[in-house]
Amino acid sequence: MIEITNKIRKTVASLSQSKHRRRQGLFKAEGTKCVLDTIGHFRIKWLIATEMWVHEHPEYQIGNNIVKVSARDMEQMSDLITASEVIAVYEIPDYDLDTSALTDSLVIALDSVQDPGNLGTIMRTADWFGIRDIICSRTTVDVYSPKVIQATMGAVSRVRVHYCDLPEVLGKLRQKGVNIYGTFLEGDNVYTSRLSHSGVIVMGNEGQGISDDVRGLVSDKLFIPPYPIDADTSESLNVATATAIILSEFRRTEAYGKK
């Protein structure tokens, strides 16, 4: 059992900010569901919990990492409107990005997606459809933001997110013969297009779409048509919603073929 200190309080509270997460090499998951969905998948530094939570979850008292705290302590460290009874502080994992390992699978690429809720939802959707790797531009929101962690609903435990020079990585994959898909208003109808069982699906920024540097590397432009196709409707779909539709169609095609 570890005694709570001002240093621990300040460290945990500071993990709300990306610069402190990167400096410390740590991130936090807050709330019983979030903690139970992630514990065992990352190397844990501290499991910070109230006495009641510790009493109700004896099976999660891992080694000497338990920090028992008061409700007031939790309020000082929490990112939630109402502080939870448990926070897990994990080490940020170091995933290797091996482009050769991505050539035979379906991968998502995110080009400057900014909203934490969108990234979290995309990860949750990727997890549902069996996507294990997401490659992101360095300008995409930090996956270890507390808001992203909450929104993934545990998917962060199974979906690896890699930050990189996105045009460079997509260029290497294109040279290996990998299909690079992107969504555009001038693209081909996704419901009638021939879709491969592997490739990279690029999703762009919420306001600007796919950047020019990445656009030039796209081999297959896709479009999600409204219904009816000539309807006067919203300008565009939310990026997380569009990702779900695209992934569903890829997996449907793989499992059942075009109809």
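A brief report on the enclosed structure follows. (Residues numbered from 1 in each chain as written. Predicted model: local features only at pLDDT ≥ 70, side-chain atom pairs only at ≥ 80, totals over all residues. Heavy atoms only, no water.)

### Concerning the pairing of strand S8 (residues 180-189)
For S8 and strand S9 (residues 199-203), the ladder comprises three bridges, and the chain directions are parallel. Bridging from a neighbouring strand, tyrosine 181 pairs with isoleucine 201 of S9. (Pairing = 2+ DSSP bridges. Helix = DSSP H or I, 4+ residues; strand = E, 2+ residues; numbered from the N terminus.)

### A closer look at the packing of helix H6 (residues 116-128) against helix H10 (residues 239-256)
To describe two helices that pack against each other, one gives the angle between their axes and the distance between the axes. H10 packs onto H6 with a crossing angle of 15 degrees between their chain directions and a minimal axis gap of 9 Å. Comparing the axis directions of H6 and H10 gives the class roughly parallel. Judged by the sense of rotation from one axis to the other, the crossing of H6 with H10 is right-handed. Here H6 contributes Asn118, Thr121, Ile122, Thr125 and Ala126 to the contact with H10, which in turn contributes Val239, Ala240, Thr243, Ala244 and Leu247. Considering only residue class, the contact of H6 with H10 consists of six nonpolar, four polar and no charged. (Axes fitted to C-alpha atoms, helices over the stretch in contact; angles between N-to-C directions. Parallel < 35°, antiparallel > 145°, perpendicular 65-115°, else oblique. Left-handed = near helix turned anticlockwise from the far one by under 90°. Contact = heavy atoms within 4.5 Å. Nonpolar A, V, L, I, M, F, W, Y, C, P; charged D, E, K, R; others polar.)

### Quick look at the pattern of salt bridges
Under the defined criterion, the tally for this structure stands at 14 salt bridges. Aspartate 127 is paired through a salt bridge with arginine 132; the nearest N and O atoms lie 3.1 Å apart. A salt bridge links arginine 252 to glutamate 249; the nearest nitrogen and oxygen atoms lie 2.9 Å apart. Pair noted here: arginine 252 and glutamate 249 are both in helix H10, with a separation of three residues, about one helical turn. With a relative accessible area of 26%, arginine 252 lands in the partly exposed category. Overall, glutamate 249 belongs to the buried group, its relative accessible area being 6%. (Salt bridge = Lys/Arg side-chain N within 4 Å of Asp/Glu carboxyl O. Buried < 20%, exposed > 50% of the residue type's maximum accessible area, 1.4 Å probe, protein only.)

### Digging into helix H8 (residues 166-175)
Within H8, burial applies to Leu166, Val169, Leu170, Gly171 and Leu173. Where the residues of H8 are buried, they touch strand S5 (106-110), strand S6 (133-137), strand S7 (160-164), S8, S9 and helix H9 (212-215). Note on H8: the residue one or two positions beyond its end, glycine 177, has a positive phi of about 90 degrees.

### Observations regarding the pairing of S7
Bridge count between S6 and S7: five bridges; the pairing is parallel. Each residue of the ladder has a partner; that of serine 137, found in S7, is cysteine 164. Following the chain from S6 across helix H7 (residues 146-152) to the adjacent parallel S7, one finds a crossover that is right-handed. (Right-handed = clockwise from strand over helix to strand, strands pointing away.)

### Re the sheet that holds S8
Within the open sheet, the six strands sit side by side as S7-S6-S5-S9-S8-S10. Their pairing is parallel. Of all strands in the sheet, those bounded by a partner on one side alone are S7 and strand S10 (220-223). Averaged over all adjacent pairs, the angle separating strand axes in this sheet is 35 degrees, with direction ignored. The sheet contact formed by S8 and S10 spans five bridges and is parallel. In the sheet register, threonine 183 faces S10, and the bridge partner there is leucine 222. Seen against the sheet, H6 touches S5, S6 and S7 and runs at an angle of roughly 175 degrees to S5.

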